[in-house]
Structure formats: C-alpha cells, structure tokens
Amino acid sequence: MVRVEPPVLIKDLDEDAFRARYQCDRFTATVLSSRLRYIVQHMCTGLLTNAFSVILRDWYDFASTIAGPPELDYPTPAVSNSLVLFLGTMTDAVRNAVEEFGPQNLQPGDVLMCNDPYRIGTHVNDVCFIRPVFFEGRLVGFVNLQAHMLDMGGVVPAGFSGTKRNVYENGLVIGPQLLYHDDRPVKSAWSLIFDNARFGNLLLPDIKTIYQNLRLGENLLLETIQRYGVESYLGAVRYACDLSAETMRQALARLPDGEFEGEDFIDCDGVDDSEEYHVKVKVRIRGDRAEVDLSGSSRQARTSINGGWLDAKTAVAVALKYLLDPRSPFTSGTLRNVDIVLPEGTFFSAMPPDGAIFLYWESTQPLLLAIFRALKEALGPNAVGGDYCSLNIHNANGVRNGVPWVTMAQCGGEHGPWGATKDGDADSYMVFYLANNLDPATEAIEADFPCVVLRKEYATDTAGAGRHRGGAAVVKDTLWLTEAEHYSMPLHTKAPSGFGVYGGKDGAVGAVWVWEPEAYEQVQRAGLVGFDEAVYRQATPVAGVLNPESHTLDHQGRYFHFARVPIWRTRPRTMFRYLTNGGGGWGNPLERPPERVLRDVRDEYISIETARELYGVVIQGDPQHDPEGLQIDYEATQALRNAAASQRH
Amino acid sequence: MSVYPRSSEPFLFVHKEPVQGQCPECGSHNLRRYPVLSEGGWWLVTKCQDCLFSLERERWGRLGSIQLLSETL
C-alpha cells in the first residue's frame, strides 16, 4: 500500500512554485480570475437591459460563461450570477458542441449554436451560443451565452408543458452548427429557427442582442489577454478552477466518512397518476472524495417532465456547493473530487426519443433536495431546510385583437419560499434553489397579457415551524379577461418538499384550483376570492391532494392529476389560484423567542392557534383588526413550553 | 439520434463490474469498474469501493451511451 500525501494547498505554494504552475504571480492570477467573472457579468447585463422577450427581460432566463481552449479540456473558470440551472451544464455543452463540430472548423467571427438536451442539457428553448476567441491566430477560449428563446416550435406554444410524449412533439432540435460565420449571419441557420418557431419577430432581435454581447465578451477577453499575456490568462483559467476544486475537496474532508441516503419524488407524469417518480441518493464520503450514487431511481417518465444527464450533474454540483462550499466561486473544478454514478434512462437522465425533456428542473430539483435530505444529519446545525421545489409553472396563450400572445411562467406558483438555516428565518418569495432569476413585475404582466393579478401574497400557517421559521407559501390569484388556453404543471403536491432540519418542522403542501366564470362571480367579493370552504367548493381542482367534496387541502384526500385536463380552455373571467409548498423550519420551534412568534402572528405568517400548538406561545388579541394590540401571555407560555419539553423527555 | 426505449424495469441501477486486483491506497480487493460523471464529462473508472481511490480513469462516450447517427457517416 502507498500512502497518498495530500496535495499542497494553493495558498501554501511559494512564489516560484505558484509561477511554475500558473505562469503568473499570485496577484495577477487573482486579478484575472475576477476579471473573467466581470466579463461574464457584463455580458449578462448587456443582454438583460436590451432583451425584447419577457423570458429574458423579466425573468433573466440566461447565463454566461467563459471556457478555456480544447487543449485544457474546456475548463470553465467563470460563470455569471444568473440562472444556476445553466451553470453546471454549460461546461459540457461547450465541449460537446465544439468537439462535434470540430474545433479545427472554427474561425474568428464564428458563432456556434446548439440546443439539444441530450447533447448540452436543459431544454430545446435554451440555445447555447458559443463564440470562439482567437488571439494572434490561436484558439484561446470561448465566450458563451445560453438563453431561453421564447419559442422553439413543437406542439405547445412556448413549449412549457408536461404532456409532450417525445422529441418530435417537443420542439426543434438544433445540432451544433454556425449561426454566424466571419461575423456574417448564416441565413440557412436563421431560417431553420424562423421556419419552425413562433414569435420570430421577437427571436430575431433577441438573438442579435445575444450576438452583440458575445462580441462584447470577446473584446473584453482580448483586451485582457493583450494586457496580461496569453500564458498568464491560461494560467488564471486553471487557477480559478483549481481553487474551487480545492475548496470543495476541503469541504468534503470536513464531513465524517460514511454513507448518507436520501430520497424525494414527484407526483406523476403527464399521462396519468399511476406512477410516481422517485430519486434515490446515496452519498459516500471517504476523506476528501465523494461518490453520489443515484442507483435505484425511477425510470424516465412518459412525458416531458424529464431532465437530462447534464441537468442531474448540475443538481449534484449545486447541492454540494450550497451545503458544503458556498463561499468560493462555482467553476468546472467544483466536481473534481466528486463522481456521480448515474443510471441512464431515469427521469433525470432521460434518453431519446421517447424520454422527452422539457420540465427538467421539476426532476432535478427533487434530486437536489434528496441530497439535502441525505446530508442533513451529518451536517447537524449546518443543514438547510427544503424549499417549495416545484415551479408550479403556468403558461397561457391566446389571441387578442388578432395578435397571438403567450405568457412565460408569470401566473402560476413560480416563486415561493426557501427553507430556514442556522442563520435565520427563510425568505418567502424566491425562485427555487436551482434557479436564480427575477420576479416579473405585476405591472408588466398586466400590460403584456389579458389578465389581472389579484393576489400575490403569503399564506398563513404554511411555513415550517422552527427556531428559525421556514418561508411561507405563496398564493397567487390571476383573473383571465379573454378566452385562453392554459398549461398547468404543479408536480410536487403529494408530500411536503419543504422538510424541516435540526428539529424544525415541515412546511405545508400546495395545490392549484380554477374558478370558472360563473363560480368566480358567485364567490368573489370586490373582485377577490377568499379562503373559506364555501369558496373552494365552487372551484375545480387542477392538482393537489384535496378533499373530494370541499376541495380544500386534505392530506387524506384524493390526488387530482395535474394533466387529467391537458389544456384548460377557458372563457373570459376565469380565475386560477396557485398555492406553493411551504419552506422547512430549522431548529426546535419551542426555542423560538416568544417575541418573534408574536411578530409572526402580527404579520399573519402564523395564526394564534399555530403559535400555541407548534411554538408553545400563548398570544391574546386580534391579529386582523388590532395587530399592534397583540400580547404574549408569558406565564401561560412558560407553562405550555415546560409541559411540551417534559413530554419530549 | 439513435433510439433508446424506456426501460421495462421501474427502477434503474448502474452495474459495477467486479475487477481483480488490490487497491494501492488501502489494500482492499473490492474493486469495481463502471461509468461515472465528473469534471470533464463521462469517465470509465476502476475504483476501490472502500476508499474510493481511482485506479484507472479513461474517457467514456462524450454523451454517455447516446450515439449520434451522424457519427456513422
């Protein structure tokens, strides 16, 4: 047997050793790493402020990276602070697209594009645009933007649906090919998109804006290389990746050796509710090495709720980054000491042509949460509670005054709560852990589409209780003013996703309802729809575990399959309600200071009853009509908490 | 793109093929060969199942086992 000495830490390299490894001094390597991150951020800002379609302008559904040259195996030293889902896929996306096209076939002024989920991850609407960067005739790297196109053809306008059954229904697949050559548009490639996709008049300026921001990134990178030299630049690329590999390695070594198992699932696919889709994770830790084994997970679904193998890779990387090593930048080096054992053909590694991939995050977000669950005991107080998990995405389309329109994830349950941590209560209005986007403004939604957003607020008694409270579920009501078609895709309603940690409690589960025009007129009061049982009786369940009579949430009730009506074709003045899942709590709720519980009651995060039952805090008063008059009964609280503590022991 | 049917089995596993030999790091004989996904894409590894030391790592398919029909041209 040989004893393998741990590698010398980068910070412990002396000046000569550092220069020998990275061809520049330490200060220059640090400056250049930051410079690369500045460049990708600058590219994103340029796209965000000049984009035309709502999915880019209002959602920030894109990301930018820099990749090193083929001889370094396409390392990614810099990713943008934007859509996390793309950050893990883009390294392999660039490698796979360029290798298939042939790096020798690229020239200055080219832009390569590809959107195939089985080659580059995510879904067909996310086109990866790759700009090779040449310095003095040498291919030194790539600047890249992957951005969501408003439409990419297929049977569903804008593509968002959990009911498509194969790649042919899914949308146009583009293998690696040139969009620009010698800085001139390749018209046949543009026509391929325009002849197959809707809303070409919006795609055209969006893609031209992307092209200009690729040129911006190229110019900034070339200026950088001109100033610091190509060898220093290439050294800094490796330095940035080595650094994040090293911090992850150190973080893994801080975990105890062992095998840690976790599981999560989604409700079903778009055919019926006969099959749940489970992700099983076994995280094996040995010193500074990890293996994440996904064996035992469910086969691919029959419809487009699947994710691809690169999406699974992203979820693993992001989960470990969140939990173990959140302070160093994310690069392609993050997974250097991590092997993923991934069965092909699961619902997060689906295969063509029948493993249609579109709602890929719905499959990989439970994967991320399964890792969170697996490691929660090992992490102790550093564990993180579960979030709302499912985007509960809603897409509508129609025609107004002869002009077609389509929404892009604005009017479902797309934003919701996170889980609590040791550092404090969780936020309640975020995008799920695998994303990092904007919230489309209500004013923009109502200006662009024939609808009124009636509610966008927190739901009482949905947050996971804890010393630090989980985020509250979000309820969103939208009234549709014209005829429309709707696709509704909530996929995690059978069991809480917002699990509690370190003694914290689970958050509540959500659901979706629709009130048809007659029902809406019957239950609305000054336009708003309330929350009592009589109101829900008039609703038609869309998805969730509900009482079959009253249609209220009931964990012993019946599951209503989200796609039993694949397309909701509605008349004017139909209202949809989305209720997300709640976030998980952190720590024993009986240890939450009573004053903070009082504040939660005043702010209607929780009711007086929940304050008593879950937090052991007795509060007197009327939170709705006299919120500042609420008072804590300290004596009764102490007695209640003492009794609860003695029961626990 | 080639065609890959949906599995008839509800749950899927990676087969880890036993390999003869001894781990140079911990001395274990529990060695297995199987594909993994990591930095750099897919790899076919021979690994110690006790200490996770990799005895061999060689490139696997760029897209895993997915084959492009165009690659047969």
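Preceding this section is the structure that the text describes.
Computed from a prediction, not measured in an experiment: that's the story for all the values here.

What to know about the pairing of strand S1 (residues 62-67) of chain A
Residues and elements named next belong to chain A.
Reasoning step 1: By the criterion of burial, S1 is predominantly enclosed, with 6 of the 6 residues buried.
Reasoning step 2: Two elements, S1 and strand S5 (residues 138-148), share 6 bridges in a ladder whose sense is antiparallel. The residue of S5 that forms the bridge with Ala 67 is Phe 142.
Reasoning step 3: Two strands pair when backbone bridges link them, and S1 and strand S2 (residues 78-79) are joined in this way by 2 bridges, in the antiparallel orientation. Residue pairing in the sheet places Thr 65 in a bridge with Val 79 of S2.

A word on the interface of chain A and chain B
Reasoning step 1: At the junction of the two partners, chain A supplies 46 residues and chain B supplies 46 residues.
Reasoning step 2: The contact between chain A and chain B buries some 3,900 Å² in all, and 53% of this surface belongs to carbon and sulfur atoms.
Reasoning step 3: Here chain A and chain B share 9 salt bridges between them.
Reasoning step 4: Measuring nitrogen to oxygen at the nearest pair gives 2.7 Å for the salt bridge that ties Arg 336 of chain A to Glu 39 of chain B.

Observations regarding the packing of aromatic side chains
Residues and elements named next belong to chain A.
Reasoning step 1: Tallied over the entire structure, the rule returns 28 aromatic pairs over all chains.
Reasoning step 2: Taking the centre distance of 5.8 Å and the plane angle of 50° together, the rings of Trp 190 and Phe 194 count as tilted. Taken together, the positions of Trp 190 and Phe 194, both in helix H8 (residues 187-194) and 4 residues apart, correspond to about one turn of that helix.
Reasoning step 3: Feature note: the residues Phe 160, Phe 358, Tyr 360 and Trp 361 constitute an aromatic cluster, connected by ring pairs.
Reasoning step 4: Sitting over the ring of Phe 358, Lys 164 keeps its end group 3.9 Å from the ring centre.
Reasoning step 5: We note Lys 494 situated over the ring of Tyr 559; from NZ or CZ to the ring centre the distance is 4.7 Å.

Some words on the sheet that holds strand S19 (residues 540-546) of chain A
All names here are of chain A.
Reasoning step 1: Taken in spatial order, the 6 strands of this open sheet run S15-S16-S22-S18-S19-S20, and their pairing is antiparallel. What marks the edges here is a single partner per strand, and that holds for strand S15 (451-458) and strand S20 (558-560). Across the sheet, the mean angle separating the axes of adjacent strands is 20° when strand polarity is ignored.
Reasoning step 2: Relative to strand S16 (residues 474-480), S15 runs antiparallel, the two sharing 7 bridges. Its bridge partner lying in S16, Arg 455 is registered against Asp 477.

As for the nonpolar core
Nonpolar side chains in soluble globular proteins generally cluster together in the buried interior.
All names here are of chain A.
Reasoning step 1: Core analysis: the largest hydrophobic core is formed by 178 residues, its most contacted members being Phe 129, Tyr 233 and Ile 371.
Reasoning step 2: Of the residues that make up this core, three or more belong to each of domain 1 (15-246) and domain 2 (383-587).
Reasoning step 3: Sequence-distant contacts of Tyr 233, that is, excluding residues within four places in its chain, are made with Leu 32, Leu 36, Ile 66, Ala 67, Val 140, Gly 141, Leu 221 and Ile 225.
Reasoning step 4: Val 475, Leu 479, Val 523 and Val 529 belong to the second largest nonpolar core, which has 18 residues in total.

Rules used in this analysis
Residues numbered from 1 in each chain as written. Chains lettered and ligands numbered in written order. Predicted model: local features only at pLDDT ≥ 70, side-chain atom pairs only at ≥ 80, totals over all residues. Heavy atoms only, no water. Buried < 20%, exposed > 50% of the residue type's maximum accessible area, 1.4 Å probe, protein only. Helix = DSSP H or I, 4+ residues; strand = E, 2+ residues; numbered from the N terminus. Pairing = 2+ DSSP bridges. Contact = heavy atoms within 4.5 Å. Buried area = accessible area lost by both parts, 1.4 Å probe. Salt bridge = Lys/Arg side-chain N within 4 Å of Asp/Glu carboxyl O. Phe/Tyr/Trp six-rings, centres within 6.5 Å; stacked < 30°, edge-to-face > 60°. Lys NZ or Arg CZ within 6 Å of the ring centre and 35° of its normal. Axes fitted to C-alpha atoms, helices over the stretch in contact; angles between N-to-C directions. Core = buried A, V, L, I, M, F, W, Y, C linked by side-chain atoms within 4.5 Å. Domains from an automatic or database assignment.

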